Structure formats: structure tokens, C-alpha cells
Amino acid sequence: MDGKRRIQIGIRMRILYAVYRMMKKAPKRRKQVPLCVDLDGTLVQTDTLLESMLLLLKKQPMSFARIPFWLLRGKAYMKRHIAERVIPDPAFLPYRQDMLVFLRKEKLRNRKLILATASDECIAKSVAKHLDIFDDVIGSDGKRNFSGRAKAAALNRMYGRGQYAYAGNSRKDIAIWQEAASAYVVGATKRVCNRVQKVAKVTRTFPSTYAPCSMVRAMRPYQWTKNLLVFVPAIFGYKYAAGPFVAESILAFLVLNFVASAVYITN
């Protein structure tokens, strides 16, 4: 082998060795674990069971009266029978927009997303079909109520303990965060946030979207002026100086205001 050939081989060996060193020093890309997302209070800002019960009361009042008897056979049984009769339209549910943006970004990164909820499976599947971002759905099946430890056990069977991340919002979710690789805390109370930090690795916290001013706006206090009519009898009856009559008028005014606001909030 001539000298020129040996030099070429030596250069190639040095290049290969340099590439090997670079690959060895490069940080290994960590494999993303599946992200399991709760529905009520996490993905949506409401409780789909309550939404379903109100819808059942509106459409099938007679079936609504059977809810206590269904509940005697278990919460999962009750949820299934309600879901067989009514399912809230997923297009009109109040989704958390910050969560939707985050989940869609994770989907673009090819992360596996699972909708894991204690709501009935029928409701969960309708939401998953509407959003079209989830790879799998876990929900109560009429026999098992997948909440708290029951949900944690189901996720452990499917993905393995510590092999998934979980996004939730309530005290019941602490049992799941304990088993998960990481926690996404969504709109939880300060007490729940503090407990999660003690038992799990918190990857991200989504702030609560509740604001007292929004509740005040929902009460529509500007409409209360209409109820000033209750003072008309006191004025035209010349009883505005009578203490008991005025006190009763003020009480009636306050009661009417709060009843009206309750109707606005319910709507």
C-alpha cells in the first residue's frame, strides 16, 4: 500500500471517529410518553354528567325521575343509562381554549393523546370524534366508573406504571398523578396544586379560568332596575314612611334580584 493510500484511509478514519464522538456527545432525544387527558374540568369547563342530567330533564322528564333508582346500581350504571337517552352536543361544550391549543401542538409533534375520563364512554367518544385529536378513549362503561384509583389502574394496565403523563384538575386525580410519569395540572385549586407537587413531577400548570367578575356579569345586575317596581305600592300608597312596609319592599326587591340572576346563570 503506497503512502497516498494510507493517508486517505487515515483521513477517513479520523472523520468517522469525529462523527462517532459527536453522536456520543449529542443529547439523546427522550421518547415522549402518551398524554392522558381528563374531560370534565380539564378539557371542558363544565361537568358533562350535569349537562346530561339537565338535558334529560328537558327532553325526558319521566326518565329523569328514574335517576335515583339507576344510581342504586352504581354510578357507572346511572351514567350509561343517561347517555343512552341523551348526549350533549360536543360542538357546544365550553372547551378550555388554552388546552386545545396545547393538545393540537402535541398532536403535530406526533404525541399519542388519550381521552381518559370518568364520564360515560359514549360521551367521551362523541367529544373525541368532534375534536379529532385523540388516538384512544377510556371512559366509564356502565359497569366500571373510571375515576380516581380505578382510572389509574386502567392506565397502568394499558401503558404501564410511570409510562404515561396525565392532565387533570381535581383531588381525585391525585391518585393518577402518583402513578404517572409527569403531571399537567389544569385549573386546579391551590390546595390540589400543592398536593400534586408533593407526589408527582409537574410538567406544566394551566391557570384557572374562573374569575369572580365573570360570575357578576352572568348575574346581569343591570337588569335589577326592573325590579324597582316593587317600591311603587309604597310610593303611591304613601307608606314609604312605614318601617315594616319599606323593609318588606326592600326584602322583596332583593329576593326578586337573586331569583332573576339565578335564572340567568342557569340559562
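Everything below is about the structure shown above.
What comes next concerns the included structure. (Residues numbered from 1 in each chain as written. Predicted model: local features only at pLDDT ≥ 70, side-chain atom pairs only at ≥ 80, totals over all residues. Heavy atoms only, no water.)

**A look at a positive patch on the surface**
Line of reasoning, step 1. A surface patch of positive charge is lined by Lys75, Arg171, Lys172, Arg191, Arg195 and Lys198.
Line of reasoning, step 2. Of the residues forming the positive patch, the biggest block, three residues, is contributed by helix α10 (residues 190-199).
Line of reasoning, step 3. One can find Arg171 in the loop between β4 (165-168) and α9 (174-177).
Line of reasoning, step 4. On the basis of relative accessibility, which here comes to 58%, the residue Arg171 falls in the exposed class. (Patch = residues over 30% accessible without salt bridge, like charges linked within 9 Å, V, L, I, M, F, W, Y side chains within 5 Å. Areas by Shrake-Rupley, 256 points an atom, 1.4 Å probe, with all protein chains shown as cover. Salt bridge = Lys/Arg side-chain N within 4 Å of Asp/Glu carboxyl O. Lys, Arg positive; Asp, Glu negative; His and termini not counted. Charge placed at Lys NZ, Arg CZ, Asp CG, Glu CD. Helix = DSSP H or I, 4+ residues; strand = E, 2+ residues; numbered from the N terminus. Buried < 20%, exposed > 50% of the residue type's maximum accessible area, 1.4 Å probe, protein only.)

**Section: the packing of aromatic side chains**
Line of reasoning, step 1. Taken as a whole and judged by the stated rule, the model has three aromatic pairs.
Line of reasoning, step 2. Arranged with centres 5.4 Å apart and planes meeting at 40 degrees, the rings of Phe102 and Tyr184 form a pair that is tilted. Within this pair, whereas Phe102 is found in helix α6 (residues 97-108), its partner Tyr184 is found in strand β5 (residues 182-186), the two being separated by 82 residues in sequence.
Line of reasoning, step 3. The buried category is assigned to Phe102, whose relative accessible area is 8%.
Line of reasoning, step 4. Aromatic rings pair up to connect Phe102, Tyr184 and Phe206 into one cluster. (Phe/Tyr/Trp six-rings, centres within 6.5 Å; stacked < 30°, edge-to-face > 60°.)

**Here's the deal with the packing of helix α2 (residues 48-59) against helix α5 (residues 75-85)**
Line of reasoning, step 1. Running from amino to carboxyl end, α2 crosses α5 at an angle of 50 degrees, the nearest separation of the two axes being 10 Å. Taken as axis vectors, α2 and α5 run oblique relative to one another. In this structure, α2 meets α5 at a crossing whose hand is left-handed. Listed contacts from α5 to Leu49, Ser52, Met53 and Leu56 of α2 are Lys75, Met78, Lys79, Ile82 and Arg85.
Line of reasoning, step 2. Here the contact of α2 with α5 is built from residues that sort into five nonpolar, one polar and three charged. (Axes fitted to C-alpha atoms, helices over the stretch in contact; angles between N-to-C directions. Parallel < 35°, antiparallel > 145°, perpendicular 65-115°, else oblique. Left-handed = near helix turned anticlockwise from the far one by under 90°. Contact = heavy atoms within 4.5 Å. Nonpolar A, V, L, I, M, F, W, Y, C, P; charged D, E, K, R; others polar.)

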